[in-house]
Structure formats: C-alpha cells, structure tokens
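Residues per chain are reported as follows:
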Amino acid sequence: MIWSRHSISSPSRADATLARITGGIALAVVILLGLVLMLLVRESWPVLVDGGWTRFFVGDGWFPSSGQFNLLAMLWATLAASLGALFVAVPLGVLSAVFSRFYSPSWLIMPLRRVMVLLAGIPSVVYGLWGLTVLVPLIANWEPPGASLLSAILILALMILPTVALTSEAALAAVATSHLQGAAALGLSRTGIVLGVALPAARVGILTGALLAAMRALGETMAVLMVAGNVVQTPSSLFDPVRVLTANIALEMPYAAGDHRAALFASGLLLMLIVTVLAWLAGRIGTHSNA
Amino acid sequence: MGNEVRDPEKIWGWILTLCMVIGLNSAALADVQKLVLTGSSTIAPLALEIGKRFEKLNSGVRIDVQSGGSTRGVNDVRAGLADIGMASRALKPEERGLMVHRIATDGIGIILHQKNPVKLLKDEQIKAIFTGKITNWQQLGGEDRKITVVNKAEGRSTLELFLHHFQLKNPQIRAHVVIGDNQQGIKTVAGNVGAIGYVSIGTAEYEEAYGTPIRLLPMADVPATVANVGAGRFPLSRPLNLLSKGAPTGLAKRFITFAQSAAANDLVTAQYFVPLAR
C-alpha cells in the first residue's frame, strides 16, 4: 500500500484510536492523582475544620493519645535531613558526573554509569537494613545512640547520589559540543572548560536534578525510619535522633484511630504540598531556561 | 491540530461499565454468611489471619475484622454491633456479663546487648532508666557506658503493656530511639552495646537462640521464655481474648472453637504471640 496522506494534521483512523487510548491513560493518571488528593483531604478533614489545623503548629509536642498534634519538630527534622542529604550528595554527584564526562578514561565510563544505575535501583529498605546494621552501630560507638539525624542524612545522601550524578551527567552531555570546542580553541585548560563553560551551561539541568533528588529525599520512608531513631524532637545536633513526617505516618498509621488518624493524613497532605512546590519550582526553572 | 477525543459519551460509557463490573462483584458477595469482629488492634491482625483460613475452610462465610481498641470490642458486643469482640486485657469489673474465650497470650521481655554485663534489673531500676533518671550503666554495676533507651512507637500494643506494667505514661519516657516492629528493636539493641529495649518474647527468644547478640532479662525471678508466658507465670504478659454475649452459637461458636484449636497455632506463633497451653 502506498502511504499517501494529504496532511499530517488530519489523522487516520488508527491515529485517532491511539490518540484516544493514550489520552484515556493520561486522563486516568490525572484522575488518580485527584482521587489521592481528595482522599487525603477527606481523611484529614476532621482535624482541619474549625481552625483545628493550628493544632499542628502549637502545643507541647506530638502526643496523639492526649490530643497534642504539634508537627513542627518533625517538619524541621524532615527539612534538615533532606537539606543535609542534598548538601552531601549534590557536590559528590556533580563531581562524579564531571569526572565521567571530562576526566575518566573511556573504558571506565560505562562501568561507572552501570554502577550508578544499579545504585539508583536498590530498594530503599536494603539501604535501611545496611544503615541499621552497619552505619548506626558505627556512629553509636562514636556518639550513642547512633540512630540520628546524621545517619539519616548519610543514608539519604547515598540514595539520592545516583539521581544527582545521572541527571548532572545528562545535563553535561547536553552542552553543545561547539561550546566546548570553542573554549578549547581559545586555549582554556580542561579545568577552565569545566568550570567556565560546561558547568554554567548545564546548571539548569543540574538544578532540576537536585530538585528531583530533594523530592525523593523528602518522600523516603523506610530507610529513614530504620536509621533516624524516630524520637519526636527538633534536632539541635547531628547526633540527635529525629523523626521525619513520612516515618511518623508509617510508624503510627496501623494503630491510629479518630483524630490521630486524621492528623497523620494531614501530615501526608503537608508532605504532598511541599513536594508540589518543589515540582513547580523544577518546572519553572525548566521553562525559564527555554525562554 | 484539533485532535482531542471527540466522544465524551464513549468515555463515560467505559466508566459506567467499569462501575457496573465493580458493583456486580460486591453484589455477588452480599448473600454470604457474615461474622463481624471488632476491638483490640493487637488481636486484629491475628483475627484477620485466622479469619482468612476459616473462610478458606468454610465457603460462603465472610469474616469482617475491625480494630478500634479493646473497649470498643467490649461495647460493640454488648450493643450487638459485633458478633465477637476482641480484648487484649482481662475484663474490668463493670464489664462483667460477657463470655471470655482466650485464644493466645502476649508477653514482652526486656532485652539488653549480650556484651552488657548487667544480668538483672529490678522494676524500679527499669522505670528509672526509661524515665531518664539513670543514664549510665555504671550506676547499675555495669561498664561506664551511656544507656540508649529504645521505646516503641505510640499505639503499639507492646508499648501499652509496658506502660501499664510499670505504671508510666508515654510522655514520661525519655527515649533515644523509637522503633516500629520487634525486628527493628532487636536489630537496634544488637547493634548498640548500651541499649535497652523491650519486644515480644516469642521473637526475642527465637533470635537469641539463633545467635543474635541480645539477652532477655528475667522479670521478678521468672525467666523470660515462651513457656513461662504460656503458663501464665511471667509478669509482663496479658491474655488475648475473644468475647461473646452469652454462650456463642452457630457461626460464632464455630469460629471461636477454630481460633482456640491447634489448627490456628501456627498463625498465633507467626504473630509472635504464645498459643494456649494444652
């Protein structure tokens, strides 16, 4: 059969079917997200109405059985753990990407990338188990109890490192060859090319990758639950045990009822809000660079 | 381009069909015999497992388990809202008039790291450790080492039993690590020579026997063993009971008999509870 079409903008029957199927799936995803959001709002409604949400930010602390639902300490712990992990993982990830793009011998590039992909694919509970049986006892020998903000930061950093490294590498790879060749022709050293041309040109991609990594760190539950100690307190040192919001939900949901349950759903809503803001930021950075 | 999906009717048709399929499924379940259990969240997971096996052995039966605390179990059975109640404690004097059917016993033991030279702790000492009045093992005749207090997350039945036994309230406890399940507690104590925690005796005894570096402490001179819990000799234990309004009949009677029989023993053990001594 001869492929003759008047215009690519008037789709054939097959195209229309495909459009319908893909459109339906896309719609289903949106509906699903909407349903999740609705569930979160509906389940947390009992503590949200009547100005009840202020209870999340005032009061002595998190004592659900006596009706105290102050989430602030856990919010700070969540942010501290995620920021700390970014602080460790972003420099390491970017440096490893720079190495594999600009300095690595060619035979090492593929094995290195394979290892990164593998690291990204390890289930979080495995990281948690390793942290609980190796990392926490190590820190405990140094400064008990070992389960602490520090161990949470290190485990999270290990988990998001591959995300940062892989996205940074992709961003560096996307830098136009002409830029790099031009810089080389101008007599810049390799260090000069990396610092002066490649990294600035790739900064949007690197930043977006870091935001993605931040979202993963914020949402991580199992690994942090196993190593962070889970004591509800505002961390004042790296060796303080802390409880993050996700771990709180996982720890208490199976046994929660009434207002307690609603408060847990509300903290889920709060997490979703934070992640939405981050996603919006990532999108904004993306469009900004395209404009 | 203008190639959006043009048949909203068709999409709604699909959604409608989907709803009908789901609806039909639930309608098909409507004419089975149903048994409702409510109460203790400690017993609920066990009742759920026993219920699954019971459903498999008796077709046309559906066991519906809802948790909500022992008190709810008592109230629901009295009010006739549930066929069987679940209570992880003995009945209070004002709750008399219900029939109690024990299905298992729950016991928890204090665990230390195996390298910790402390072999015995009195109730007052344990209380002082958990409330932060004693913070170093030296004060208890051990080495100069900081004590790491491992506590359970709020809502866990082991926590309630522990607090009840030592007459403590959860905000009084100065914990350094808060854990979820028993395994996490055992790994935490095994990885920290200065740690003290409490877990279900069934799990701890198993782990200790298989070389995990932990040690179960005796309580009031009674060694922490599953056998002692089963015989009712161990102080930190409680009964897991099913409740019925008067003598059970029909389906409820069959279920209670099944839950107490040896056929459910492995399910009881799998939940780290101690089966009835026979």
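Residues numbered from 1 in each chain as written. Chains lettered and ligands numbered in written order. Predicted model: local features only at pLDDT ≥ 70, side-chain atom pairs only at ≥ 80, totals over all residues. Heavy atoms only, no water.

A. Here's a closer look at the overall build of chain A. Per the secondary structure count, chain A includes ten helices and two strands. In chain A, the succession of helices and strands from N to C terminus is α-β-β-α-α-α-α-α-α-α-α-α. Among the 291 residues that make up chain A, the fraction classed as buried is 40%. Look at the contacts in chain A between residues 6 or more apart in sequence, and 71% of them connect residues 24 or more apart. (Helix = DSSP H or I, 4+ residues; strand = E, 2+ residues; numbered from the N terminus. Buried < 20%, exposed > 50% of the residue type's maximum accessible area, 1.4 Å probe, protein only. Contact = heavy atoms within 4.5 Å.)

B. Quick peek at the domain arrangement of chain A. Residue and element names in this part refer to chain A. According to the domain assignment, chain A contains domain 1 (7–49) and domain 2 (62–290). Domain 1 and domain 2 are separated by 29 Å when their C-alpha centres are compared. With eleven residues of domain 1 at the contact, the number on the domain 2 side is nine residues. With both chains or domains summed, domain 1 and domain 2 bury close to 820 Å², and 84% of this area falls on carbon and sulfur atoms. Note that Arg 261 is salt-bridged to Glu 43, the shortest N-O span being 2.9 Å. At the junction of domain 1 with domain 2, the criterion picks out one residue pair in polar contact (both at pLDDT 80 or more). Per-class residue counts for the side of domain 1 that touches domain 2 are nine nonpolar, one polar and one charged. (Domains from an automatic or database assignment. Buried area = accessible area lost by both parts, 1.4 Å probe. Salt bridge = Lys/Arg side-chain N within 4 Å of Asp/Glu carboxyl O. Polar contact = N/O pair within 3.5 Å; in protein donor to acceptor, adjacent residues only side chain to side chain. Nonpolar A, V, L, I, M, F, W, Y, C, P; charged D, E, K, R; others polar.)

C. Fine view of the pattern of salt bridges. Residue and element names in this part refer to chain A. Considering all chains together, one arrives at 13 salt bridges over all chains under this definition. One salt bridge connects Arg 113 with Glu 169, and the closest N-O pair in it is separated by 2.6 Å. Of this pair, Arg 113 sits in helix α3 (residues 106–121) while Glu 169 sits in helix α5 (residues 149–173), and the two are 56 residues apart along the sequence. When its relative accessible area of 29% is taken as the criterion, Arg 113 is described as partly exposed. Relative accessible area serves as the criterion here: at 9%, Glu 169 is assigned to the buried category. One connected set of salt bridges, linked through shared partners, spans Arg 42, Glu 43 and Arg 261.

D. Summary view of the nonpolar core. All names here are of chain B. Judged by nonpolar contacts, the single largest core of 118 residues is most densely connected at Leu 121, Ile 129, Phe 130, Trp 137, Phe 162 and Ile 196. Setting aside residues up to four positions removed in sequence, Leu 121 forms contacts with Ile 126, Ile 129, Trp 137, Leu 140, Ile 196 and Leu 217. Judged by nonpolar contacts, the second largest core, of 27 residues, contains Leu 35, Leu 37, Ile 50 and Phe 255. (Core = buried A, V, L, I, M, F, W, Y, C linked by side-chain atoms within 4.5 Å.)

E. Just the interface of chain B and chain A, in detail. Listed per partner, the contact involves 24 residues of chain B and 28 residues of chain A. The interface formed by chain B and chain A includes one salt bridge. Between Glu143(A) and Lys146(B) there is a salt bridge, with its nearest N and O atoms 3.4 Å apart. Between chain B and chain A we count five residue pairs in polar contact (both at pLDDT 80 or more) in total. Considered class by class, the residues forming the side of chain B that touches chain A number eight nonpolar, ten polar and six charged.

F. Just the side chain of Asn248(A), in detail. With respect to the helices and strands, the residue Asn248(A) is situated in helix α9 (residues 245–252). Each residue touching Asn248(A), except ones within four places of it in the same chain, is listed here: Trp62(A), Met74(A), Arg243(A), Met253(A) and Leu264(A).

G. Just the side chain of Thr158(B), in detail. Residues and elements named next belong to chain B. Considering the arrangement of structural elements, one finds Thr 158 in helix α5 (residues 157–166). We classify Thr 158 as buried; its relative accessible area is 6%. Residues contacting Thr 158, with those up to four places away along its chain left out, are Ile 108, Lys 152, Tyr 198, Ser 200 and Arg 238.

H. Spotlight on the packing of aromatic side chains. Scanning all chains against the criterion turns up nine aromatic pairs over all chains. On the basis of an interplanar angle of 50 degrees and a centroid distance of 4.8 Å, the ring pair of Phe162(B) and Phe166(B) is categorised as tilted. Within this pair, Phe162(B) and its partner Phe166(B) are both found in helix α5, separated by four residues, close to a single helical turn. Its relative accessible area of 0% is what places Phe162(B) among the buried residues. Through a chain of ring-to-ring contacts, the aromatic side chains of Phe130(B), Phe162(B), Phe166(B) and Tyr198(B) assemble into a single cluster. We note Arg190(A) situated over the ring of Tyr103(A); from NZ or CZ to the ring centre the distance is 6.0 Å. (Phe/Tyr/Trp six-rings, centres within 6.5 Å; stacked < 30°, edge-to-face > 60°. Lys NZ or Arg CZ within 6 Å of the ring centre and 35° of its normal.)

I. A look at the confidence of the model for chain B. All names here are of chain B. Per-residue pLDDT for chain B has a mean of 85; in total, 88% of the residues score no lower than 70. Mean pLDDT per element in chain B: helix α1 (residues 8–28) is the minimum at 58, and helix α4 (residues 123–130) is the maximum at 94. Contacts for the low-pLDDT stretch residues 1–6, under 50 throughout, to residues beyond four places or in other chains number six contacts. At the level of chain-chain contacts, confidence expressed as ipTM amounts to 0.75, with global pTM at 0.75. (pLDDT = per-residue confidence, 0-100.)

J. View of the pairing of strand β4 (residues 99–113) of chain B. Residues and elements named next belong to chain B. Within β4, twelve of the 15 residues are buried, leaving the element largely enclosed by the surrounding structure. Pairing of β4 with strand β9 (residues 237–244), which is carried by eight bridges, proceeds in the antiparallel orientation. Across the sheet, residue His 101 finds its bridge partner in β9, namely Leu 242. Bridging between β4 and strand β10 (residues 274–275) involves two bridges; their strand directions are antiparallel. Each bridged residue has a counterpart across the sheet, and for Ala 104 the counterpart in β10 is Pro 275. Sheet topology places β4 next to strand β7 (residues 195–200); five bridges connect them, and they run antiparallel. Looking at the pairing, Ile 108 lines up with Ser 200 of β7. Looking at chain direction, β4 and strand β8 (residues 214–216) are connected through three bridges and run antiparallel. Paired with Leu 112 across the strands is Arg 215, a residue of β8. (Pairing = 2+ DSSP bridges.)

K. Quick peek at the packing of helix α4 (residues 124–142) of chain A against α5(A). Residue and element names in this part refer to chain A. For the pair α4 and α5, the least separation of the axes is 10 Å and the interaxial angle reads 140 degrees. Compared by their axis directions, α4 and α5 come out oblique. Judged by the twist between their axes, the crossing of α4 over α5 is right-handed. The residues of α5 that touch α4, namely those facing Ser 124, Tyr 127, Trp 130, Gly 131, Leu 135, Val 136, Ile 139 and Trp 142, are Leu 150, Ser 151, Leu 154, Ile 155, Leu 158 and Met 159. (Axes fitted to C-alpha atoms, helices over the stretch in contact; angles between N-to-C directions. Parallel < 35°, antiparallel > 145°, perpendicular 65-115°, else oblique. Left-handed = near helix turned anticlockwise from the far one by under 90°.)

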